[in-house]
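# Overview (structure and organization)
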Amino acid sequence: MLKRAVAAAIGFLALTATQAPPAARPAMSLWRLDCGDFQINDINAFMSDTSEYPARPKHLVGSCYLIRHGDQYLLWDTGMPAALLGHPDVNPVMTVTLHASLVDQLARIGVRPEQVNLVGISHYHGDHTGQARDFPNARLLMGAADLAALRARPAAGQADLAHWLSGGGQVTEVQGDLDVFNDGSVVMLNLPGHTPGHHALLVRLASGPVMLSGDTYHFAEQVAHRGVPPFNTNRAESLASMDRFDRLARNLHARVIIQHEPADVGKLPAFPGAAH
Ligand SMILES: [Zn+2]
C-alpha cells in the first residue's frame, strides 16, 4: 500500500513538471545568445538518412539561451568553443564561424560568469558544450545517459566538461524530465534519440510557454519530413521524441524555437533584448 502511495506521489510529481498551473513564480526573462554559424556543404548528405532533400548547401545557426528566474541564471547550451573566434573551422562537411563568446555577450547585459549558477546542456555534441568551461561555478544539468557516454570516452573527448566529469563541479544527472526550479517554470524534457540522454527545454514565460528544441530538430523542414540525421544514436527514439515534442507544443500552445534554424532566431527579441 505504501509502495503504491509512493508510486502515485512520484507519478503526480512527474505530471506537475509539464502541467503545473501558474503558481507564484519570480520574474523570468529569456535571452537568445549567438553561439555560431554553420554553412553546411550538402544538407542532404549531412542531415537526412532518407535522402529527403536535394543536395544543396544550407545555413544553420548555433543558439544558446539565458533564463533569469528571480536572482538565478540558467544558461541553456554553451555553443561552439571560443577558440573559433577569428579562426573559422573549414572542413569537408561545413564551415563553422563564431562571432562572439558567451562571456562577452553576457557582459553586455551586466551578467558575470559567476552569476550563472546553472548550466543545462541539451546533449553532448561539441556545438552545445564548447564554452561550458567558462562557467565553472555553475551546477551542470545534463541527461544521465549522455554523461555516461561522455565518461566512456577517452579524456580528449571529455575536455569541454572535464571540470564536472572529474568531480570539480556539481552535477545533476537528469533522468526523465527535470523541473529545474521546482515550480514548473522551466522543465528539461526527456527527448532521447539524437543522443541517448538528449533533452529540450520548456520555459513558461509570463507571455506564454516557449519550447527550445535542443537538436530534436535542426531546421524547419525536418518537422514535416520527420527528418532524422544519419548520426542520431537511435532512430526509433528520435521519431518518438519528435512526436512528444510536437504534441506537447500543440497542447501547451507553445512558441517552438528550433535552436539551429535561422528563421527561428526572430521568434525572440534581438539581443540584448529579452522575452518576459
Ligand atoms: Zn547541434
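Report follows, based on the coordinates. (Residues numbered from 1 in each chain as written. Predicted model: local features only at pLDDT ≥ 70, side-chain atom pairs only at ≥ 80, totals over all residues.)

## Some words on helix H5 (residues 144–151)
Listed as buried for H5 are Ala145, Asp146, Leu147 and Leu150. Contacts made by the buried residues of H5 are with strand E7 (139–143), helix H6 (162–165) and strand E8 (171–174). (Buried ≥ 20, exposed ≤ 12 C-beta atoms within 10 Å, placed from the backbone. Helix = DSSP H or I, 4+ residues; strand = E, 2+ residues; numbered from the N terminus. Contact = placed C-beta atoms within 7 Å.)

## Quick notes on the sheet that holds strand E6 (residues 118–121)
Read across the open sheet, the eight strands follow the order E4-E5-E1-E2-E3-E6-E7-E8; overall the sheet is mixed. Strands at the two margins of the open sheet, each flanked by one partner only, are strand E4 (89–90) and E8. One ladder, built from four bridges, connects strand E1 (residues 28–40) with strand E5 (residues 94–97); its direction is antiparallel. Its bridge partner lying in E5, isoleucine 40 is registered against methionine 94. Lying over the sheet, H5 contacts E7 and E8, oriented at roughly 95 degrees with respect to E7. (Pairing = 2+ DSSP bridges. Axes fitted to C-alpha atoms, helices over the stretch in contact; angles between N-to-C directions.)

## Some remarks on the pairing of strand E12 (residues 208–212)
Alignment of strand E11 (residues 199–205) against E12, held across five bridges, turns out to be antiparallel. Bridging from a neighbouring strand, leucine 205 pairs with glycine 208 of E12. From the end of E11 to the start of E12, which pair antiparallel, there are two residues. By the bridge criterion, three bridges tie E12 to strand E13 (residues 255–257) in an arrangement that is parallel. Looking at E13, one finds that methionine 211 is bridged to valine 256.

## A word on the nonpolar core
Generally speaking, nonpolar side chains in soluble globular proteins are found buried as a group. Core analysis: the biggest nonpolar cluster contains 62 residues, and Tyr65, Ile67, Leu75, Val119, Leu141, Leu201 and Leu212 have the highest contact counts within it. Ranked by residues supplied to this core, first place goes to E1 with seven residues. Excluding its chain neighbours within four sequence positions, the residues that come into contact with leucine 141 are Leu118, Val119, Gly120, Thr172, Val174, Leu178, Val180 and Met188. (Core = buried A, V, L, I, M, F, W, Y, C linked by C-beta atoms within 7 Å.)

## Notes on the environment of valine 256
By secondary structure assignment, the location of valine 256 is in strand E13. When the C-alpha atoms of valine 256 and valine 210 are compared, they prove to be 6.0 Å apart, with 46 residues separating the residues in sequence. Residue contacts for valine 256: discarding those within four places in its chain leaves Met211, Ser213 and Ala249.

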